[in-house]
Amino acid sequence: MKDLLTYLVQSLVDHPDEVSVTERVVDDETVLEVRVADGDMGKVIGRQGRIVKQIRILMRTVAQRRGEKVSVEVLD
């Protein structure tokens, strides 16, 4: 899951080498935290949050097929 999210975010930004995804488990849910360069934040979030919303939907769908719970947070 972490590798898929890293690939998706690196494909969107201008500075893919500055993308970091950390994984932590809260209760029974995996939380994936994404950090990007300051100038790339808008590219990951998108207008009115559309891109990050679609990323969250995609990651949730993949996780459900595996029987897992996942959420995605974009940190500044």
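Up top is the structure these notes are about.
Residues numbered from 1 in each chain as written. Predicted model: local features only at pLDDT ≥ 70, side-chain atom pairs only at ≥ 80, totals over all residues. Heavy atoms only, no water.

Engineer: I'm lost on the overall build of the chain in this one. Help?
Structural biologist: A count of helices and strands for the chain gives three helices and three strands. What you see in the chain, going N to C, is helices and strands ordered as α-β-β-α-α-β. Taking 2.2 N^0.38 as the reference for a compact globule, 76 residues should give roughly 11 Å; the C-alpha atoms of the chain span a radius of gyration of 12 Å, in line with that estimate. Relative to all contacts within the chain whose residues are 6 or more apart in sequence, the contacts with residues 24 or more apart total 56%. Of the charged side chains in the chain, 12 are positive and 14 negative, and the gap between their average positions amounts to 8 Å. (Helix = DSSP H or I, 4+ residues; strand = E, 2+ residues; numbered from the N terminus. Rg over C-alpha atoms; globule rule 2.2 N^0.38 Å. Contact = heavy atoms within 4.5 Å. Lys, Arg positive; Asp, Glu negative; His and termini not counted. Charge placed at Lys NZ, Arg CZ, Asp CG, Glu CD.)

Engineer: Looking at this structure, I do not really get a negative patch on the surface. What am I missing?
Structural biologist: Taken together, the side chains of Asp17, Glu18, Asp38 and Asp76 present a region of like negative charge at the surface. Relative to the helices and strands, glutamate 18 resides in the loop between helix H1 (2-12) and strand E1 (20-26). Take glutamate 18: its relative accessible area is 43%, and that puts it in the partly exposed class. (Patch = residues over 30% accessible without salt bridge, like charges linked within 9 Å, V, L, I, M, F, W, Y side chains within 5 Å. Areas by Shrake-Rupley, 256 points an atom, 1.4 Å probe, with all protein chains shown as cover. Salt bridge = Lys/Arg side-chain N within 4 Å of Asp/Glu carboxyl O. Buried < 20%, exposed > 50% of the residue type's maximum accessible area, 1.4 Å probe, protein only.)

Engineer: For this particular structure, what's the right way to read the environment of valine 62?
Structural biologist: Looking at where valine 62 falls in the secondary structure, it is placed in helix H3 (residues 50-65). In the structure, valine 62 is positioned 10 residues away from valine 72 in sequence and 13 Å away in space, judged by C-alpha atoms. Among all residues touching valine 62, those that are not within four sequence positions of it are Met1 and Leu4.

Engineer: How do you make sense of H1 when you look at a structure like this?
Structural biologist: Because the α-helix completes a turn every 3.6 residues, residues three or four places apart line up on one side. All buried positions along H1 are accounted for by Leu5, Thr6 and Val9. The buried residues of H1 occupy an angular sector of 100° when the element is viewed end-on, so they sit on one face. Exposed residues lying more than 90 degrees from the buried face of H1 are Asp3 and Tyr7. Next to the buried residues of H1 lie E1, strand E2 (29-35), helix H2 (41-45), H3 and strand E3 (70-75). (Arc of directions from axis to C-beta.)

Engineer: In this structure, what is going on with the nonpolar core? I would like to understand it.
Structural biologist: One broad trend across soluble globular proteins is that nonpolar side chains are buried collectively. Leu5, Val9, Leu32, Val34, Val36 and Met59 are the most contacted members of the largest nonpolar core, which totals 16 residues. Listed by contribution, the elements that provide at least two residues to this core are H1, E2, H2, H3 and E3. Here the element with the most residues in this core is H3; it accounts for three residues. (Core = buried A, V, L, I, M, F, W, Y, C linked by side-chain atoms within 4.5 Å.)

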